Amino acid sequence: MECAAKGTGTRCNSAATRLCTRCEAVAYCSLSHQIKHWSRHKLECDRLQQQMECVDLLNDFPFTFSCEATFQVCAKQETRCSFFSKRGLHRVGMWMHECHCGASSASFDLLGLNNGWDLSSVLCPCHGPEFLLSEQLCSWRDYYKWRRIPLDSPVALLLHWPLTIYRAAQLVGITTSNLVVGDKLYIHYLGPEKELLQLAVFGDLLALFPGVHIHIELVGPAIPPQRDGEKIIISKYPCCNEEKCVCKLASENAILGTQTGLTSALTLQLWRGFYHDRYRDVVKDSFPHLVIAPNGGIAAYSSWLPSIELIKKIDVPAVFTDYCEEACHLAAGCIKTVTGRPLRLPVQLNPFRQPIAVEDSVLLLPCYSNCFLFGM
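Residues numbered from 1 in each chain as written. Predicted model: local features only at pLDDT ≥ 70, side-chain atom pairs only at ≥ 80, totals over all residues. Heavy atoms only, no water.

Under the annotation held in an unreviewed UniProt entry, the protein carries the name Zinc finger MYND domain-containing protein 15 isoform X1 and is attributed to Cicer arietinum.

Written out as structure tokens, the structure is:
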């Protein structure tokens, strides 16, 4: 935990162990730093206090490993490395980028296209669902029940990417009830980073939007230069680690199974650069139904401002996510400054947030990847 006054001019000489007694969301290395920082912190203290009162709700997941992945990680009784090591997934395949030591050795030059789940078939959605959705999914419990996965399976730690897209589409009115077989769904996906090493999990969109042709344009500076403009076709789900599983047979692995007769398609295209710089290239064949920016960090990067201006101009539903409610609040202020109007979609908890806490967050608030959604 860093001192909240770090970078304000005076060097920190000890660990940040002195909590703000009002909000208990920030810590300081000394009383003098706390006093010095109060002129800034007083503007956010009450708001952070309210957010801290929602900690139990943030940590509420249905999984058997929930306490381990939430409270114990936040309290440093568990680490991401140890969590994955216990499950034989540490620095393995698509799981590589989920801890600090794996991230340091991962390369975006090797996009995650051919990786499997490295789990038994019982623990992962390696083939199509047994039946079509009769109603919208609203929670991880709903999803696991539909896909017949036990609640001790860690697959939600990667599936939060496609499920967050699904949730964002729900919130702007794009659902399976108003899409028909053969429809095309264009999504502009801004600022991808670690998910570039986990692209295979996006295959679950084939089940979530049966019969729909989904085109996702991934736009961001983390795209490797040599992959700029590349198209990727995903026609099946990531495989399990069982050699005799039906998922190894491409003809039966996928597109919602042969029983339904529905053929879905998923195309990903990569664009290196910022959205406002590459928009003319991207939009030639793909005017979006939805713009989404997972873990955007809008308040942290000035490069977002021209992209927000562009999104306002084209007047397309745009959904953003971030790690904590405070980051979303700051982002909402930036958006209002550019657009002159409040959010169309208010800040709200994402039921499909990643169910493992971010280590070493700046605030004592629990932080999760894709934790909150909001939109313009």
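**Student:** Now, about the overall build of the protein: what can you tell me, with residues and values included?
**Tutor:** If you tally the helices and strands in the protein, you get 13 helices and ten strands. For 376 residues, the compact-globule formula gives about 21 Å, and the C-alpha radius of gyration of the protein, at 21 Å, lands near that figure. Principal-axis analysis of the C-alpha atoms gives the protein an extent of 65 × 50 × 40 Å. By the burial criterion, 51% of the 376 residues in the protein qualify as buried. Here the contacts in the protein between residues at least 6 apart in sequence split such that 75% fall between residues at least 24 apart. Of the roughly 16,800 Å² that the protein leaves accessible, carbon and sulfur atoms contribute 52%. (Helix = DSSP H or I, 4+ residues; strand = E, 2+ residues; numbered from the N terminus. Rg over C-alpha atoms; globule rule 2.2 N^0.38 Å. Buried < 20%, exposed > 50% of the residue type's maximum accessible area, 1.4 Å probe, protein only. Contact = heavy atoms within 4.5 Å. Areas by Shrake-Rupley, 256 points an atom, 1.4 Å probe, with all protein chains shown as cover.)

**Student:** Describe in detail helix α13 (residues 325-339), supporting the description with residues and values.
**Tutor:** If you check α13, its first and last C-alpha atoms are 21 Å apart, about what 15 residues at 1.5 Å a residue would give, namely 21 Å. Along α13, the residues classified as buried are Glu326, Ala327, Cys328, Ala331, Ala332, Ile335 and Thr339. Just downstream of α13, Gly340 is the residue with a positive phi angle, here 75°. (Expected span 1.5 Å × (residues − 1).)

**Student:** Kindly report on the UniProt feature "domain: MYND-type" (unreviewed entry) in the protein, identifying the contributing residues and their values.
**Tutor:** Feature annotation in UniProt places "domain: MYND-type" (unreviewed entry) on residues 9-45, given in this structure's numbering. For residues 9-45, the end-to-end C-alpha separation is 21 Å, with 32% helix and 11% strand making up the annotated structure. (UniProt positions renumbered as here; feature names shortened; annotations may be inferred.)

**Student:** Can you lay out the side chain of Arg147 for me, pointing to particular residues and giving the numbers?
**Tutor:** By secondary structure assignment, the location of Arg147 is in helix α8 (residues 140-147). You can call Arg147 buried: its relative accessible area is 9%. Among the polar contacts made by the side chain of Arg147, one reaches the main-chain carbonyl oxygen of His127 at a distance of 2.8 Å. (Polar contact = N/O pair within 3.5 Å; in protein donor to acceptor, adjacent residues only side chain to side chain.)

**Student:** Residues and numbers for α8, please.
**Tutor:** Along α8, the residues that are buried comprise Trp140, Tyr143, Tyr144, Trp146 and Arg147. One face of α8 carries all of its buried residues, which in axial projection span an arc of 160°. Here the buried face of α8 lies against α9 (156-171) and α10 (205-208). (Arc of directions from axis to C-beta.)

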